[in-house]
Amino acid sequence: MKIFVKSFLPLLCLAALAPNTAYAKGEFIVEHDNGDIDTYSSVEIFDTDDTIYFKTEEGESTILITKNECDKEGELVVCNKARMGIDTEGVTEEIVIKEIFLFINPSKEKQPIKGSTVTLSPGTILLEAVTGKGAYITGLGKIDATTKPVGASR
């Protein structure tokens, strides 16, 4: 759980303040090992039975997280293993993951994350991962739909 240390306070604020609208946007941040930061605001988040999709506002790229080894902790779905890829114009490239934590709150109530002070708003997803290249990835936002986005390759 040491992965949470870098973004604990900002995510606590975002998780607590995540909007409760039917159509909301999320945020996806990639902090590269050289210190460069790419921020993707206004991403749409889709949650299907086996995959989470973070689709950029321009629709040019979609990050895919294939759920694996997920368990229920209270009302939260918690995945400690997953595969990640980026789909650009129909071509998917795998992203090697060293460590990942995916929390999904499908309930209609706020849910605490066990062992932390973070509470997720209803219908919210929190992703934290470290890639094989040392990039630190954070994704947070409301689930926009429970179907695959239009144009998704898988």
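Criteria and thresholds
- Residues numbered from 1 in each chain as written.
- Predicted model: local features only at pLDDT ≥ 70, side-chain atom pairs only at ≥ 80, totals over all residues.
- Heavy atoms only, no water.
- 1 Å grid on protein atoms, 1.4 Å probe; cavity = no way out; pocket = protein on both sides within 12 Å on 5 of 7 lines; lining within 4 Å.
- Points joined across faces, edges and corners; volume = space filled by probe spheres on them.
- Helix = DSSP H or I, 4+ residues; strand = E, 2+ residues; numbered from the N terminus.
- Salt bridge = Lys/Arg side-chain N within 4 Å of Asp/Glu carboxyl O.
- Buried < 20%, exposed > 50% of the residue type's maximum accessible area, 1.4 Å probe, protein only.
- Pairing = 2+ DSSP bridges.

Chemist: Teacher, can you tell me more about the layout of surface pockets here?
Modeler: In this approach the atoms are scanned with a rolling probe the size of a water molecule, which exposes any empty space left behind. The volume enclosed by the largest pocket comes to roughly 490 Å³. Along the wall of the largest pocket there are 22 residues; nearest its centre are Val 30, Ile 86, Ile 95, Thr 131 and Ile 137. At the level of elements, strand E1 (26–31), strand E2 (37–47), strand E4 (61–73) and strand E6 (91–95) are the ones that each hand at least two residues to the lining of the largest pocket.

Chemist: I keep staring at the pattern of salt bridges and nothing clicks. Help me out?
Modeler: Note that side chains of opposite charge can pair when their charged atoms are close. Taken as a whole, this structure holds one salt bridge when the rule is applied. Among the ionic pairs, Asp 47 bridges to Lys 67, the shortest N-O distance being 2.5 Å. Placement of Asp 47 in strand E2 and of Lys 67 in strand E4 is noted, with a sequence separation of 20 residues between them. Comparing Asp 47 with Lys 67 shows no difference in burial state: the two are buried.

Chemist: Just to check I follow, could you spell out the pairing of E6 for this structure?
Modeler: For a regular strand, the rule is simple: side chains alternate between the two faces of the sheet. Sheet topology note: the strand E5 (residues 76–88)/E6 ladder contains five bridges and is antiparallel. Its bridge partner lying in E6, Asp 87 is registered against Thr 92. Where E5 folds back on E6, the antiparallel hairpin that results is connected by two residues, among which Glu 89 adopts a positive phi of roughly 50°.

Chemist: Quick question: what am I supposed to make of the pairing of strand E7 (residues 97–105) here?
Modeler: Here three bridges tie E5 to E7, and the two strands are oriented antiparallel to one another. Of the residues in E7, the one forming a bridge with Cys 79 is Leu 102. With eight bridges connecting them, E7 and strand E10 (residues 124–131) associate as antiparallel partners. The residue bridging Leu 102 from the neighbouring strand is Leu 127, located in E10.

Fair warning: the whole summary comes from geometry, so function is off the table for now.
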